[in-house]
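Examining the three-dimensional arrangement
Residues per chain are reported as follows:
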Amino acid sequence: MSNNAERQQIPIREGMMNIPSSERENGRLLGSKCNDCHELFFIERQICENCNGQNLETVALSTKGKLYAFTVMYYPAPPPYQAPDPFEPYGVGWIELPEGLVLYSLLTENDPQKLKVGMDMELRIECLRQDDNGNDIMVSKYRPVEVG
Ligand SMILES: [Zn+2]
């Protein structure tokens, strides 16, 4: 147990997500909302790209969305996204959230036969790999919602 206590879960990019404190909870991706023009951004911004305003607040984004487009990569991911097995294919996709934002994300699924544009997707926060200190590097992935 003492080992576990020292191990940390670290987001692959600071400020990108809330990491769930237990298996039952779902993490959330964090974006920015402009209070002047109401534009939404992912990842967080300091300045609004739409109106150049600086009146932005951090918002937790929807955990569910629809698969807008996808592809499967058959070559190693670029740092810092390198996986323990760099030659295992991985899915990436654009997820359209209910709030209108379309974001680019890793997918849990790497079989193109199991992915379909328009399908319901939900967010998972999971460990991609461990760093040199044994900390878990956490990434966000979307997975198809199980039906039936
Ligand atoms: Zn704005």
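Our subject is the structure listed above.
In this report, we go over the structure that sits alongside the text. None of the values given here were measured: they were computed from a predicted structure.

**Here's the deal with the coordination of the zinc ion**
- The protein atoms that coordinate the zinc ion are Cys34 (SG), Cys37 (SG), Cys48 (SG) and Cys51 (SG), at distances of 2.3 Å.
- Of note is the zinc ion, whose four donor atoms meet at the metal with angles of 105 to 117° in an arrangement that counts as tetrahedral.
- In the primary sequence, the donor residues of the zinc ion line up as C-x2-C-x10-C-x2-C. You can see cysteine 37 sitting in the loop between β3 (28–34) and β4 (40–41) and its partner cysteine 48 sitting in the loop between β4 and β5 (56–60), a full eleven residues away along the chain.
- Taking the relative accessible area as the measure of exposure, cysteine 37 reaches 26% and is therefore partly exposed.

**A look at unusual backbone geometry**
- Residues phenylalanine 42 and isoleucine 43 are joined by a peptide bond in cis, for which omega reads 5°.
- Residue position: isoleucine 43 is located in the loop between β4 and β5.
- Note that the residue after proline 79, namely proline 80, is joined by a cis bond; omega there is 5°.
- Position of proline 80 among the secondary structure elements: in the loop between β6 (64–73) and β7 (90–96).
- Unlike most non-glycine residues, histidine 38 shows phi in positive territory, near 70°.
- On the secondary structure map, histidine 38 appears in the loop between β3 and β4.
- Located in the positive-phi region is asparagine 52, a residue other than glycine, with phi close to 65°.
- Tracing the sequence through the fold places asparagine 52 in the loop between β4 and β5.

**Some words on the side chain of serine 140**
- By the secondary structure assignment, serine 140 is in strand β10 (residues 136–144).
- Leave out the neighbours within four places in its chain, and serine 140 touches Met16, Met17, Leu29, Ser105, Leu106, Leu123, Arg124 and Ile125.

**Focus on the environment of valine 92**
- Residue position: valine 92 is located in strand β7.
- C-alpha of valine 92 to C-alpha of asparagine 50: the two residues are 42 residues apart in sequence and 26 Å apart in space.
- If sequence neighbours within four positions are ignored, valine 92 has contacts with Ala69, Phe70, Thr71, Met73, Tyr104, Ser105, Leu106 and Leu107.

**A look at the nonpolar core**
- With 29 residues, the main nonpolar core has Leu29, Phe42, Leu61, Ile95, Leu103 and Tyr142 as its most contacted residues.
- Of all elements in the fold, only β6, β7, β8 (102–107), β9 (120–130) and β10 reach the threshold of two or more residues within this core.
- With residues up to four places along the chain from it excluded, the contact list for phenylalanine 42 reads Met16, Leu29, Leu30, Leu61, Leu101 and Leu103.

**A word on the pattern of salt bridges**
- In the structure shown here, the tally under the stated rule is five salt bridges.
- With its nearest N and O atoms 2.5 Å apart, the salt bridge here joins arginine 45 to glutamate 49.
- Note that aspartate 120 is salt-bridged to lysine 66, the shortest N-O span being 2.7 Å. Taken together, the residues aspartate 120 in strand β9 and lysine 66 in strand β6 connect sequence positions 54 residues apart.
- Assessed through its relative accessible area of 40%, lysine 66 is described here as partly exposed.

Cut-off values and rules
- Residues numbered from 1 in each chain as written.
- Predicted model: local features only at pLDDT ≥ 70, side-chain atom pairs only at ≥ 80, totals over all residues.
- Heavy atoms only, no water.
- Donors = N, O, S within 2.8 Å, 3.2 Å for Na, K, Ca; no water.
- Tetrahedral: all angles 85-135°; square planar, octahedral: opposite > 155°, others 65-115°.
- Helix = DSSP H or I, 4+ residues; strand = E, 2+ residues; numbered from the N terminus.
- Buried < 20%, exposed > 50% of the residue type's maximum accessible area, 1.4 Å probe, protein only.
- Contact = heavy atoms within 4.5 Å.
- Core = buried A, V, L, I, M, F, W, Y, C linked by side-chain atoms within 4.5 Å.
- Salt bridge = Lys/Arg side-chain N within 4 Å of Asp/Glu carboxyl O.

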